[in-house]
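# Structural description and commentary
The primary structure of each chain is shown beneath.
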Amino acid sequence: MSLNTRRALRGLALVCALTLGAAACGSSDDGDSPENVSGKDIDAALKKGGKITVWAWEPTLKKVAEDFEEKHPGVEVDLVNAGTNDKQYTALQNAMSAGKGVPDVAQIEYYALGQFALKESVTDLSGFGADELASSYSRGPWSAVSQGGDKTYALPMDSGPMALFYNKKLFDKHKIAVPTTWDEYVDAARALHKADPKVYITNDTGDAGLTTSLLWQAGARPFDVKNKTAVGIDFKDKGAAAYTGTWQKLIDDKLLAPITSWSDEWYQGMAKGTIATLAIGAWMPANLASGVKSGAGDWRVAPLPQWTKGGKASAENGGSSLALPTASRNKELAYAFIEYANHGAGVQTRIKDGAFPATNTDLTSDKFQQTKFPYFGGQKANQVFAESAARVPADWKYLPFQVYSNSVFNDTAGKAYVSDTSLADGLKSWQRKSAEYGKQQGFTVHE
């Protein structure tokens, strides 16, 4: 649905409602969203022109910004890399607290969006008609930007439905079947390491993102946002038990390479064949192609192993949105850019440059699904990714202080990888530390 044909919707009145640390509230400027924003209002703003500042680290947005400026000559897009993920969030919160220097558009990962949405420091885009775009996006990303409710705090930029990337050459060499369940995954880990003690099924030194994704797939729902002042944290459900029970075997038997993801050693391990698989988001192919060039033709993609035989659940791992801070003074131009980048022509530009889409039209298109990946031996890997995206449960929630919680993961749950602490006890410690912080910030925390 284009901006020209979208009906005018309600205006918004968003104010800072809850303090979260030193940088909780938005700017002291009037952050209310304009009333009755229509396609004509957007067109008028584009015709008038102006400058918007976009904070983002995602590289494919550079071409999108250039194309947007070319299409709208009166508009200037200042694309600023204010740091990746938590570094940008700190800068963004500081700017909001100071009431100056807030960008018009901000890239915010799905796990971090809740802390800005709950504080109402990002605009509910429903007033621009963004809520009518819900069916355009896959379930996981849309659930994140809507926070499981009836508001739209951002538009999905990309997604990370999970899959199992595996070194086929290595599995074939040792005559080991590609695992379809996590129990089979443990068996494969043992078989690989027995055949060659230098080979590990995967690496893991404690990763909050991987842990939450696997919990998500296992059916665990440890986090709950009950309202603006109350949250729940509980790792005692069956899904959490399934995850800890399985992963503990890998830890106990020393079947996980003690290598941190994204390090030089990590890339070298995949190149040398000592790291056999990765359970990770669908955005990974470009990283393998550039960082593990010698593995071209050796690697393949398979569906994520299941917690129960015959299961069909998946999860998201990573992904970002573009949000409109309430302090923006150029909301119409900012929203026009967001929709262009995440729902308009910018989507195809980003896909061409290697981004993985969150848009259903692209995920299900014949062109997308028939794309052959030379790196994966000509495999049509997008078919695996698209199927994964359709199987992501939409009821997962993150805490409104998930950025903080993730930052203390290695000091709590991560102890299970380097001590006698069990993973189940590590998650309890993570729960306690997160709950303490939540209470300090004024939340009622149910455990």
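As the structure is a computational prediction, the values presented were derived from the model and not from experiment.

On a plain count of helices and strands, the chain comes out with 18 helices and 13 strands. Computed over C-alpha atoms, the radius of gyration of the chain comes to 22 Å, within 12% of the 22 Å expected from 2.2 N^0.38 for 447 residues, which places it in the range of a compact globule. Referenced to the eigenvectors of the C-alpha coordinate spread, the extents of the chain come out at roughly 65 × 50 × 35 Å. Sorting the 447 residues of the chain into buried and exposed places 57% on the buried side. Counting every atom, the chain has about 18,400 Å² of accessible surface; 49% of that belongs to carbon and sulfur. Once the 48 positive and 50 negative side-chain charges of the chain are each reduced to a mean point, those two points are 4 Å apart.

Moving on, we come to the pairing of strand 11 (residues 299–302). Residues Trp299 and Val301 point to one face of strand 11 and Arg300 and Ala302 to the other, with burial holding for every one of them. Where strand 5 (residues 162–167) lies against strand 11, 4 bridges are found, and the strand directions are antiparallel. Among the inter-strand pairings, Phe165 is bridged to a residue of strand 11, identified as Val301.

Before going further, it helps to examine helix 1 (residues 39–48). Considered for burial, the residues of helix 1 that qualify are Gly39, Ile42, Ala45 and Leu46. Along the axis of helix 1, the buried residues cluster in a sector spanning 125°; they form a single face. Away from its buried face by more than 90 degrees, helix 1 exposes Lys40, Lys47 and Lys48. Where helix 1 is buried, its residues meet helix 2 (61–71), strand 2 (75–80) and helix 12 (331–342).

On to the packing of helix 7 (residues 182–195) against helix 9 (residues 238–252), then. For the pair helix 7 and helix 9, interaxial distance at closest approach is 10 Å and the crossing angle is 5°. Judged on the interaxial angle alone, helix 9 and helix 7 are roughly parallel. Touching Trp182, Asp183, Tyr185, Val186, Ala189 and Arg190 of helix 7 are Thr246, Trp247, Lys249 and Leu250, all from helix 9. A per-class count over the contact of helix 7 with helix 9 returns 6 nonpolar, 1 polar and 3 charged.

For helix 2, every residue scored as buried is listed here: Leu61, Val64, Ala65, Asp67 and Phe68. Taken down its axis, helix 2 places every buried residue within 165° of arc, on the same side. Exposed residues pointing more than 90 degrees away from the buried face of helix 2 are listed as Lys62 and Glu70. Buried residues belonging to helix 2 abut helix 1, strand 2, strand 12 (320–323), helix 12 and helix 13 (345–352).

Here we come to the pairing of strand 10 (residues 277–281). On any regular strand, side chains alternate: one points to one face of the sheet, the next to the other face. Most of strand 10 sits out of view: 5 of its 5 residues are buried. With 5 bridges connecting them, strand 5 and strand 10 associate as antiparallel partners. Each bridged residue has a counterpart across the sheet, and for Leu164 the counterpart in strand 10 is Ala279.

Here the focus is the packing of helix 3 (residues 86–98) against helix 4 (residues 110–118). Helix 4 packs onto helix 3 with a crossing angle of 10° between their chain directions and a minimal axis gap of 12 Å. Of the possible angle classes, the one that applies to helix 3 and helix 4 is roughly parallel. The element helix 3 and its partner helix 4 pack so that their crossing is right-handed. Contacts from Tyr89, Leu92, Gln93 and Met96 in helix 3 reach Tyr111, Ala112, Gln115 and Phe116 in helix 4. When its residues are assigned to classes, the contact of helix 3 with helix 4 shows 6 nonpolar, 2 polar and no charged.

As a further point, take the packing of aromatic side chains. Under the defined criterion, the tally for this structure stands at 35 aromatic pairs. Taking the centre distance of 6.3 Å and the plane angle of 70° together, the rings of Trp57 and Tyr89 count as edge-to-face. One end of the pair, Trp57, is in the loop between strand 1 (50–55) and helix 2; the other, Tyr89, is in helix 3, and 32 residues separate them in sequence. Aromatic side chains Trp216 and Trp396 sit 5.3 Å apart centroid to centroid with 10° between the ring planes, which places their arrangement in the stacked category. Taken together, the positions of Trp216 in helix 8 (residues 208–218) and Trp396 in the loop between helix 16 (381–390) and helix 17 (402–407) put the pair 180 residues apart, joining distant regions of the chain.

Turning our eyes to something else, we now look at unusual backbone geometry. A positive phi is found at Gln147, a non-glycine position, where the angle reads about 55°. Residue classification places Gln147 among the partly exposed positions, given a relative accessible area of 32%. We note that Lys175 has phi near 55°; this positive angle belongs to a residue other than glycine. The residue Lys175 is located in the loop between helix 6 (168–173) and helix 7 in this model.

To continue, consider the environment of Val199. When you line up the elements, Val199 lands in the loop between helix 7 and strand 6 (202–203). Judged by relative accessible area, Val199 falls into the buried class, the value being 2%. Sequence spacing of Val199 and Ala276 is 77 residues, and the spatial spacing of their C-alpha atoms is 7.0 Å. Ignoring sequence-local partners within four residues, the contact set of Val199 consists of Leu170, Leu192, His193, Gly273, Thr274 and Ala276.

Conventions adopted
- Residues numbered from 1 in each chain as written.
- Predicted model: local features only at pLDDT ≥ 70, side-chain atom pairs only at ≥ 80, totals over all residues.
- Heavy atoms only, no water.
- Helix = DSSP H or I, 4+ residues; strand = E, 2+ residues; numbered from the N terminus.
- Rg over C-alpha atoms; globule rule 2.2 N^0.38 Å.
- Buried < 20%, exposed > 50% of the residue type's maximum accessible area, 1.4 Å probe, protein only.
- Areas by Shrake-Rupley, 256 points an atom, 1.4 Å probe, with all protein chains shown as cover.
- Lys, Arg positive; Asp, Glu negative; His and termini not counted.
- Charge placed at Lys NZ, Arg CZ, Asp CG, Glu CD.
- Pairing = 2+ DSSP bridges.
- Arc of directions from axis to C-beta.
- Contact = heavy atoms within 4.5 Å.
- Axes fitted to C-alpha atoms, helices over the stretch in contact; angles between N-to-C directions.
- Parallel < 35°, antiparallel > 145°, perpendicular 65-115°, else oblique.
- Nonpolar A, V, L, I, M, F, W, Y, C, P; charged D, E, K, R; others polar.
- Left-handed = near helix turned anticlockwise from the far one by under 90°.
- Phe/Tyr/Trp six-rings, centres within 6.5 Å; stacked < 30°, edge-to-face > 60°.

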